[in-house]
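Listed here are the chains, written in short residue letters.
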Amino acid sequence: MAKLYNTKYYHRDLSWLRFNHRVLQEAADYKNPLYERIKFLAIFSSNLDEFFRVRVSDIRQIKEIEKPFRKKLITKPNKVLKEIKKQVELQQEEFGDIFKNQIIPDLKEESIHLIDYKEFSTTQKEIAKSYFEDTLKEKLEVSFNPSSNSDTVFIENEALYLAAQLENDTFKLVKIPDDEPRFFTFPKHNGKYFITFIDDVLKYSLKQTPQKEENITFYSIKKSRDAELYIEDEFSGNVMERIKKSLPKRNTGQATRLLIDNKMPKQFEEVLKNALEVYNTDIVKGGTYHNFKDFFGFPNPTSKNLSTEELPPLPHPVLADCDSVFKAIDEKDQLIHYPYQNFEPVIKLLEEAADDPKVTTIKMTIYRAASESRLNDAIAKAAKNGKEVVIFIEVKARFDEHNNLKWGKLFEDNGAHVIYSFPAIKIHSKILCIERETNESSKRYGYIATGNFNENTAKLYTDFGIMTANKTITEDLNKLFLVLQGKMIIPKPDKLLVSPFTLRDTFEDLIENEMELAKAGKDAYIIAKMNSLQDKSMIKMLYKASNAGVKIRLLVRGICSIVPGIKDQSENIQVTSILDRFLEHGRIYIFGNDGNEKMYIGSADWMKRNLSHRIEVVTPILDQDHHNTIRELIEIQLNDNVKARIIDPDQKNEYVKHGKPAVRAQYDTYNYFKEKS
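Residues numbered from 1 in each chain as written. Predicted model: local features only at pLDDT ≥ 70, side-chain atom pairs only at ≥ 80, totals over all residues. Heavy atoms only, no water.

### Brief notes about the overall build of the protein
Along the backbone of the protein there are 18 helices and 27 strands. Its C-alpha atoms give the protein principal-axis dimensions of about 85 × 60 × 55 Å. For the protein, the accessible surface area stands at approximately 29,200 Å², while carbon and sulfur atoms represent 48% of it. (Helix = DSSP H or I, 4+ residues; strand = E, 2+ residues; numbered from the N terminus. Areas by Shrake-Rupley, 256 points an atom, 1.4 Å probe, with all protein chains shown as cover.)

Right, dumping it as structure tokens:
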């Protein structure tokens, strides 16, 4: 791998590709059941689609900026794009090898045969032809290009097409219907199951048409487009309305990738390149089939369970059966760790608040909402019941804009006060504040989490949430909501860390404190878990701390720009990354503090955007029982030697291996809570 990083910082986008490589490793890991490995191929493909639509697009926009300004944003964008293309094509080759030489044979072991049209039996040909005539034919969108160098052809963003060269420079494009399942299952025959892509149903059937195209070869293509909305001046006009009007642009934006079949002849590739208005840097060579994210829906026609064993969320030991969530919070802060524990108590809290006549006010932030949501239904009900409901909805949450706008309108229709995106900053915090009248006085209840108010992702992402009635914490929450409502400029919190106001400075002070302890010969350490680590100022602080003798142990799931293990720079820094059946999403920060540990959880990664350009909330863990629980769970993750990878200076993604008993953190965490439930 070319070193597009110096000894201090690993390039963020190349590091992201190394994260997606860890996803690919899961597809090749025989410790995972067959259909789990297929799911990881789908995740890899879906991730890569978004990468090209977002990150590659950003780099290309930077290329257009004048050089003096460009240097402040990224180093040598052309070189970066070239290396990205190289690494993606290497990963595509590895992807193809896993699919062809592992997944396909393993499916056959289960009597499941994924066949192409050349393998159709006589009976299957008739069935395919009938499916084409009865269902697919009327849905086909077919287009031709005339033989003219001046003509261009438009194809839809992320849609799948079959492309066939006819004669000279003319070609035919057939859009694969996206409202039909990607896979077609033939009837069982001789104890075997046969599945094919609808691509192959089309390829076979199109060759049988009266036009006599049996000698034509169809190649799969897919065009990805820039996903940025480009709101030029967020400080003028209504941001929400401007976003709404800009959403259609996403389907017609600049090309960021043309994915083609690697068997496509070079001459046809050139024809398509000109007609589709793409350049050599846009072309990425893949396999015969694209959109492997469709493998999320790959059918299992057998009666066998070929997926992972169920790990149903466990009931919370206090909140699952309590008569009132408010009473439970009155007695003690309540910590939830989903998906190991059920997300239900969060929904129950909102549903109870909606019906409780003592509740007067509900304020919360929503970043990514579920499309169907009992939690959001409870918010709407609370507003309909006459409570003051203030909801901040971030409509700049990429790819969730439509859904967030939908919920915003529903809340407004029921009487809630909805505040939409602010100019030039995102509200990424996951916070809730409820005011309730008790004994002629008002009491606040708060909820602060590392993950979204989303029932669906709460089943897939590992996150913490804490419910509290602590007066200082809830007063800090109230101050922040006053800022969001435009009634206060700076919140000045006492306990909470809030970016862009106090979070960065506080973390730097905490790191400085560990450095002073190390210089005094005391035990000094930092343990931090996050999704991504990219902020150069924080990385510099960690390097200084390492050189001062502070032991630093990091768990980083995704982007990791720190370069550990370098003498006189980062030799006291160790980084691992865990990738397993759940997406590691929680952020936890622990500082030794001379034996009196300080622990924080919240929504902020150590990325520049989180620390400087978003409103994030991180809370201290004040309850000693919950501190102990999180500490024990972190130790499990630090000792993972099954799914943990080492992040070394070259990010080779080697698995952690040592002779100790096997520790698979996610399964051991589930068992930890199972024993306590």
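### A few points about the pairing of strand 21 (residues 573-578)
Strand residues, when the strand is regular, have side chains that alternate between the two faces of the sheet. Across the six residues that make up strand 21, a large majority, five, are buried. By the bridge criterion, four bridges tie strand 20 (residues 551-556) to strand 21 in an arrangement that is parallel. Residue pairing across strands places Leu 554 opposite Val 575, the latter belonging to strand 21. Note: strand 21 against strand 26 (residues 644-646), three bridges, orientation antiparallel. When the bridges of strand 26 are listed, Thr 576 appears paired with Ile 646. (Buried < 20%, exposed > 50% of the residue type's maximum accessible area, 1.4 Å probe, protein only. Pairing = 2+ DSSP bridges.)

### Notes on helix 5 (residues 122-136)
Along its 15 residues, helix 5 runs 20 Å from first to last C-alpha, staying within 8% of the 21 Å computed at 1.5 Å per residue. Every buried residue belonging to helix 5 is among Gln 124, Ala 128, Tyr 131, Phe 132 and Leu 136, and all of these are buried. Take helix 5 and look down its axis: the buried residues cluster within an arc of 100°, on one side only. In this structure, helix 5 carries Thr 122, Thr 123, Glu 126 and Asp 134 as exposed residues pointing more than 90 degrees from its buried face. (Expected span 1.5 Å × (residues − 1). Arc of directions from axis to C-beta.)

### Observations concerning the side chain of His 428
Note on placement: His 428 falls in the loop between strand 14 (426-427) and strand 15 (431-438). Every residue in contact with His 428, bar those within four places of it in the chain, is listed here: Tyr 367, Arg 587, Ser 603, Asn 610, Arg 614, Ile 615 and Glu 616. (Contact = heavy atoms within 4.5 Å.)

### Some details on the sheet that holds strand 1 (residues 112-114)
Across the sheet, which stays open at both edges, the three strands sit in the order 1-6-5 with mixed pairing between neighbours. In this open sheet, the two edge strands, each paired with only one partner strand, are strand 1 and strand 5 (183-189). The mean angle between the axes of side-by-side strands here comes to 25°, regardless of whether they run parallel or antiparallel. Two strands pair when backbone bridges link them, and strand 1 and strand 6 (residues 192-197) are joined in this way by three bridges, in the parallel orientation. For His 113, the partnering residue across the bridge sits in strand 6 and is Phe 194. (Axes fitted to C-alpha atoms, helices over the stretch in contact; angles between N-to-C directions.)

### Remarks on the pattern of salt bridges
Using the criterion set out here, one finds 45 salt bridges in the structure. Asp 29 is the salt-bridge partner of Lys 31, the closest N and O atoms lying 3.3 Å from each other. Linking Asp 594 and Lys 522 is a salt bridge whose minimum nitrogen-to-oxygen distance equals 3.4 Å. Taken together, the residues Asp 594 in the loop between strand 23 (587-591) and strand 24 (598-602) and Lys 522 in the loop between helix 14 (503-519) and strand 19 (525-530) connect sequence positions 72 residues apart. When salt bridges with common partners are traced through the structure, they connect Glu 26, Asp 29, Lys 31, Lys 643 and Arg 645 into a single cluster. (Salt bridge = Lys/Arg side-chain N within 4 Å of Asp/Glu carboxyl O.)

### Thoughts on the sheet that holds strand 4 (residues 171-175)
Taken in spatial order, the six strands line up as 2-4-3-7-8-9 in an open sheet, and their pairing is mixed. Both outer strands of the open sheet, strand 2 (141-145) and strand 9 (283-286), are each paired with one neighbouring strand and no more. Sheet twist, expressed as the mean angle between neighbouring strand axes with direction ignored, is 25°. In the sheet, strand 7 (residues 219-225) pairs with strand 8 (residues 255-261) via five bridges, with the strands oriented antiparallel. Residue pairing for strand 8: Lys 223 is matched across the bridge by Leu 258. Along the sheet, helix 4 (residues 77-109) makes contact with strand 8 and strand 9, crossing strand 9 at roughly 15°. Sitting on the sheet, helix 8 (residues 266-275) touches strand 3 (160-165), strand 4, strand 7, strand 8 and strand 9, and the angle it makes with strand 3 is about 120°.

### Notes on the packing of aromatic side chains
Scanning the model with the defined rule gives 36 aromatic pairs in all. For the pair Tyr 338 and Phe 343, a centre-to-centre distance of 5.0 Å together with 90° between the ring planes defines the contact as edge-to-face. Take Tyr 338: its relative accessible area is 1%, and that puts it in the buried class. Here Tyr 672 and Phe 673 contribute two aromatic rings whose centre-to-centre distance is 5.3 Å and whose plane-to-plane angle is 85°, an arrangement assigned as edge-to-face. Grouping residues by exposure puts Tyr 672 and Phe 673 together as buried. Taken together, the ring pairs connect Tyr 35, Phe 44, Phe 95, Phe 99, Phe 183, Phe 197, Tyr 289, Phe 292, Phe 295 and Phe 298 into an aromatic cluster. Above the face of the Tyr 30 ring, Arg 37 is positioned so that its terminal group lies 4.3 Å from the ring centre. (Phe/Tyr/Trp six-rings, centres within 6.5 Å; stacked < 30°, edge-to-face > 60°. Lys NZ or Arg CZ within 6 Å of the ring centre and 35° of its normal.)

### Some thoughts on the packing of helix 11 (residues 374-384) against helix 12 (residues 401-413)
Axis separation between helix 11 and helix 12 bottoms out at 8 Å; the angle between their running directions is 30°. In terms of their interaxial angle, helix 11 and helix 12 are classed as roughly parallel. Of the two elements, helix 11 crosses helix 12, and the hand of that crossing is right-handed. Seen from helix 11, the contacting residues are Asn 376, Asp 377, Ile 379 and Ala 380; seen from helix 12, they are Trp 407, Leu 410 and Phe 411. (Parallel < 35°, antiparallel > 145°, perpendicular 65-115°, else oblique. Left-handed = near helix turned anticlockwise from the far one by under 90°.)

### Things to note about the nonpolar core
One finds Phe 295, Phe 507, Ile 511, Leu 542, Leu 554, Ile 562 and Trp 606 to be the most contacted residues of the largest nonpolar core, which totals 83 residues. Take this core: its biggest share by element is 12 residues, from helix 2 (residues 34-63). Contacts of Leu 554, omitting those with residues within four sequence positions, involve Ala 528, Leu 533, Leu 542, Ile 562, Ile 573, Gln 574, Val 575 and Thr 576. Judged by nonpolar contacts, the second largest core, of 47 residues, contains Leu 311, Phe 481, Ile 601 and Val 656. (Core = buried A, V, L, I, M, F, W, Y, C linked by side-chain atoms within 4.5 Å.)

### Looking at helix 18 (residues 665-676)
With 12 residues, helix 18 should cover 16 Å at 1.5 Å per step; its first-to-last C-alpha distance of 17 Å lies within 8% of that length. Turning to helix 18, its buried residues are Ala 665, Gln 666, Tyr 667, Thr 669, Tyr 670, Tyr 672 and Phe 673. Taken together, the buried residues of helix 18 touch strand 10 (334-338), strand 17 (461-468), strand 21, strand 22 (583-584) and helix 17 (624-638).

### Details of the packing of helix 14 against helix 15 (residues 536-547)
One can describe the packing of helix 14 onto helix 15 by two numbers: an axis separation of 9 Å at closest approach and a directional angle of 10°. As summarised for this structure, helix 14 and helix 15 are arranged roughly parallel, according to the angle between their axes. Residues Arg 504, Phe 507, Glu 508, Ile 511, Glu 512 and Met 515 of helix 14 form the contact with helix 15, whose participating residues are Ser 537, Met 538, Met 541, Leu 542, Lys 544 and Ala 545.

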